[in-house]
Amino acid sequence: MQTRNLIAGRWTDIGSGGAIDVADPASGEVIARVPMCGASEALSALNCAFEFQPEWEATPITQRADVLRATAAMVVARKDSLARIITQECGKPLAEAASEVQYSADYFSSAAQEIQALNEMEVSLERPGLRGVVRHRAVGVCAAITPWNFPLAMLARKVAPALAAGCAQLAKPAQETPLSAFALAEILLECGLPPQCLHVLIGDAKAIATTWLMDGRVRKLSFTGSTETGRLLLRQCAPEIVRCSMELGGHAAFIVLQDADIELAVKGAVQSKFRNAGQTCICPNRFLVHESIASEFAARVAVAAAQLKIAPGLDAGCQIGPLIHDAAVEKVRAHVADALARGAKLICGGRTKEIPDRPDRFFEPTVIANCDPSMLCFEEETFGPVIPIMSVASEIQAIEIANSSPFGLAGYVFGGNDASARGVAQQLQCGVIGVNEAAPSNARAPFGGVKYSGYGREGGAWGLMEYVTTQYLALRSLEK
Ligand code: SIN
């Protein structure tokens, strides 16, 4: 297992900021110790990336695409070992980690396909003798800052289109989960990526981000994380007009219409909410269920939730692993306590499950009914396995409450009629919507939000376009 930073083509033990322990959230055991970088290492990485940028940009597209395709294949071939690393450092069940590995590989195959499909275009200028040509160029050196909840996939979805477009990539993964990122970098190098193209550094987030973003040579930042940190980064990007993609906090509504297939909606709620123990940005947080079916929905979700196996992620059959750290558990507890104090009704869960010799981080899947927008869990992301349900009287009320949040990443609508469910979905102010579907994410489709959830899209052709600039040539030929 690689535990060192990758800077200027070398795996290095040097860390001007000391070192940090990486611990398994399910046991608290230290699984690795990783050097922490600061401004000087960030600068070395940037110098190298900047120097190599023109060469990578000039590398034929087919050659870049071949590296990405080989990477996709090798990621899949190493699914088991990568999944174990993911589970060990972020806690999610092994089966989910294996899906994340496949999801990551898909970003590489998709980026390879999209860059080969990105052609020059002719524009009709309607002026005699003049031809308009539109082409694309790499934006230049890019920086990626990625979170701990999908330690492999969130890096893959940034690195793959950046490299496809011809950009050298600087990456700072979350310090809780550096090992998946190092493992991915190893694969890329084995698949022929020139080492100057990719630098992966764990360390002092402020020092690294400041060094990269205020320098002028980094031309693009892609960030996945909190809205609060996103705002700070945007300020740092302003002086040098660094282009940004921001995938920030979510607060998805899950609307169940009166005519919904309740079984499908219950299955969808369990699947989307309890993925990674509720620690995903697109997890539903506000369940808006028609009043005629709200009690039945709550009771059936509780039955399904009670059957989920809570265990360390590496245990066979685990469906809910630990939360990432103690502070995450405290936040979930606070949300549940606030809702109950304001009149909500606990249907199931509401506390941690004790597992002998394990930290107190295994929160039981929780269902709370009679919720309303005054509660903390309706105001901000819980990032834990809690389903707060509010009864609504109409589609209009559901849409109004869903859109009243300043966040707008994802949403879900379950309804018995395709056209009307789609009609409701289209009125939601968010970027990704599942209609009778609980797992809308796909490496070939656009992912991203609106309002406080950020801007820019990742995935497919949309993700690639974030890493290119459009160049227009007005060509007058002098040849006779
Ligand atoms: C996220 O939680 O930010 C990513 C979730 C996904 O890609 O489905």
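Everything here concerns the structure above.
What counts and what doesn't
Residues numbered from 1 in each chain as written. Predicted model: local features only at pLDDT ≥ 70, side-chain atom pairs only at ≥ 80, totals over all residues. Heavy atoms only, no water. Salt bridge = Lys/Arg side-chain N within 4 Å of Asp/Glu carboxyl O. Helix = DSSP H or I, 4+ residues; strand = E, 2+ residues; numbered from the N terminus. Buried < 20%, exposed > 50% of the residue type's maximum accessible area, 1.4 Å probe, protein only. 1 Å grid on protein atoms, 1.4 Å probe; cavity = no way out; pocket = protein on both sides within 12 Å on 5 of 7 lines; lining within 4 Å. Points joined across faces, edges and corners; volume = space filled by probe spheres on them. Nonpolar A, V, L, I, M, F, W, Y, C, P; charged D, E, K, R; others polar. Pairing = 2+ DSSP bridges. Axes fitted to C-alpha atoms, helices over the stretch in contact; angles between N-to-C directions. Contact = heavy atoms within 4.5 Å. Phe/Tyr/Trp six-rings, centres within 6.5 Å; stacked < 30°, edge-to-face > 60°. Lys NZ or Arg CZ within 6 Å of the ring centre and 35° of its normal. Disulfide = S-S within 2.5 Å. Near = heavy atom within 4 Å. Polar contact = N/O pair within 3.5 Å; in protein donor to acceptor, adjacent residues only side chain to side chain. Areas by Shrake-Rupley, 256 points an atom, 1.4 Å probe, with all protein chains shown as cover. Sits in = over half its atoms within 2 Å of the grid points.

Visitor: I keep staring at the pattern of salt bridges and nothing clicks. Help me out?
Guide: Should the charged atoms of two oppositely charged side chains come close, the side chains can pair. Going through the model one piece at a time under the given rule, you end up with 16 salt bridges. The residue Glu-57 makes a salt bridge to Arg-137 at a minimum N-O spacing of 3.1 Å. Residue Glu-57 is found in helix α1 (residues 39–58), and its partner Arg-137 is found in strand β6 (residues 130–138); the two are separated by 80 residues along the sequence. The class for Glu-57 is partly exposed, based on a relative accessible area of 23%.

Visitor: Hey, could you run me through empty space enclosed by the protein in this one?
Guide: In this approach a probe as big as a water molecule rolls over the atoms, and the regions it shows empty are the leftover space. As enumerated under the stated definition, the model contains three cavities of 30 Å³ or more in all. In this structure, the largest cavity spans a volume of roughly 100 Å³. Phe-150, Met-154, Arg-157, Cys-281 and Phe-447 are the residues nearest the centre of the largest cavity, which is lined by 13 residues in total. Taken together, the residues of the lining of the largest cavity break down into six nonpolar, four polar and three charged. Here the second largest cavity defines a volume of roughly 80 Å³. Lining the second largest cavity are 16 residues; nearest its centre among them are Arg-286, Ala-402, Ala-410, Gln-429 and Cys-430. Counting residues per element, the ones that place at least two in the lining of the second largest cavity are β12 (252–256), α13 (395–403), β17 (407–408) and β18 (410–414).

Visitor: What is the right way to read the pairing of strand β7 (residues 141–145) from this model?
Guide: With five of five residues buried, β7 is to be regarded as a mostly interior element. Neither face of β7 is open: one carries Val-141, Ala-143 and Ile-145, the other Cys-142 and Ala-144, and all of them are buried. Looking at chain direction, β7 and strand β10 (residues 218–224) are connected through five bridges and run parallel. Within β10, the residue paired with Val-141 across the bridge is Val-218. Alignment of β7 against strand β8 (residues 169–172), held across four bridges, turns out to be parallel. By the bridge assignment for β8, Ala-144 is matched with Ala-171.

Visitor: Where do I start with the sheet that holds β6 in this structure?
Guide: The strands making up a sheet associate through backbone hydrogen bonding, with each pair oriented either parallel or antiparallel. Taken together, the three strands give an open sheet; going across it, the order is β5-β6-β22, and neighbouring strands pair in antiparallel fashion. The open sheet has two free edges, formed respectively by β5 (121–123) and β22 (468–476), since each of these has just one partner strand. For this sheet the average axis-to-axis angle between neighbouring strands, irrespective of direction, equals 30 degrees. Direction of pairing for β6 relative to β22: antiparallel, over a ladder of nine bridges. Looking at β22, one finds that Ala-138 is bridged to Val-468.

Visitor: Just to check I follow, could you spell out the environment of Ser-405 for this structure?
Guide: Secondary-structure assignment places Ser-405 in the loop between α13 and β17. A sequence separation of 153 residues divides Ser-405 from Ala-252, and the C-alpha atoms of the two residues are 9.1 Å apart. Not counting chain neighbours up to four residues away, the residues in contact with Ser-405 comprise His-251, Arg-286 and Lys-451.

Visitor: What's the story with the packing of aromatic side chains in this structure? I'm lost.
Guide: We describe a pair of aromatic rings using the distance from one ring centre to the other and the angle between the two ring planes. For the structure shown, the criterion picks out nine aromatic pairs. A ring pair is formed by Trp-11 and Phe-182, whose centres lie 6.1 Å apart and whose planes are at 85 degrees; its orientation type is edge-to-face. One end of the pair, Trp-11, is in strand β2 (residues 10–12); the other, Phe-182, is in helix α6 (residues 178–190), with 171 residues separating them in the sequence. Consider the rings of Phe-287 and Phe-297, whose centres lie 6.4 Å apart with planes at 35 degrees: the pair is tilted. A residue pair is termed long-range when its members are at least 10 positions apart, and Phe-287 in strand β13 (residues 284–290) and Phe-297 in helix α10 (residues 294–306) qualify at ten residues. The class for Phe-287 is buried, based on a relative accessible area of 0%. For Phe-297, a relative accessible area of 0% puts it in the buried group. One aromatic cluster in this structure is built from Phe-254, Phe-287, Phe-297, Tyr-412 and Phe-414. Over the aromatic face of Phe-50 sits the side chain of Arg-217, whose NZ or CZ is 5.3 Å from the ring centroid.

Visitor: Before we go on, may I ask you to explain the state of the cysteines in this structure?
Guide: Any covalent bond linking the sulfur atoms of two cysteines counts as a disulfide. Evaluation of the coordinates by the stated rule reveals zero disulfides. Counting only cysteine sulfurs, Cys-90 is the nearest neighbor of Cys-318, a cysteine outside any disulfide, at a range of 11 Å. According to the relative accessible area criterion, Cys-318 is buried, its value standing at 8%.

Visitor: When you look at the site of the ligand in this model, what are you seeing that I'm missing?
Guide: Around the ligand sit Tyr-103, Asn-149, Phe-150, Met-154, Arg-157, Glu-247, Arg-275, Thr-280, Cys-281, Ile-282, Ser-441 and Phe-447, and those are all the residues in its vicinity. One of the side-chain N or O atoms of Asn-149 is found 3.3 Å from an oxygen atom in the ligand. Between the ligand and Arg-275 there is a distance of 3.0 Å, counted from an oxygen atom to a side-chain nitrogen or oxygen. Notes on the ligand: free accessible area 260 Å², of which the protein chains cover 100%. In this structure the site holding the ligand corresponds to the largest cavity. Of the residues contributing to the shell around the ligand, the split by class is six nonpolar, three polar and three charged.

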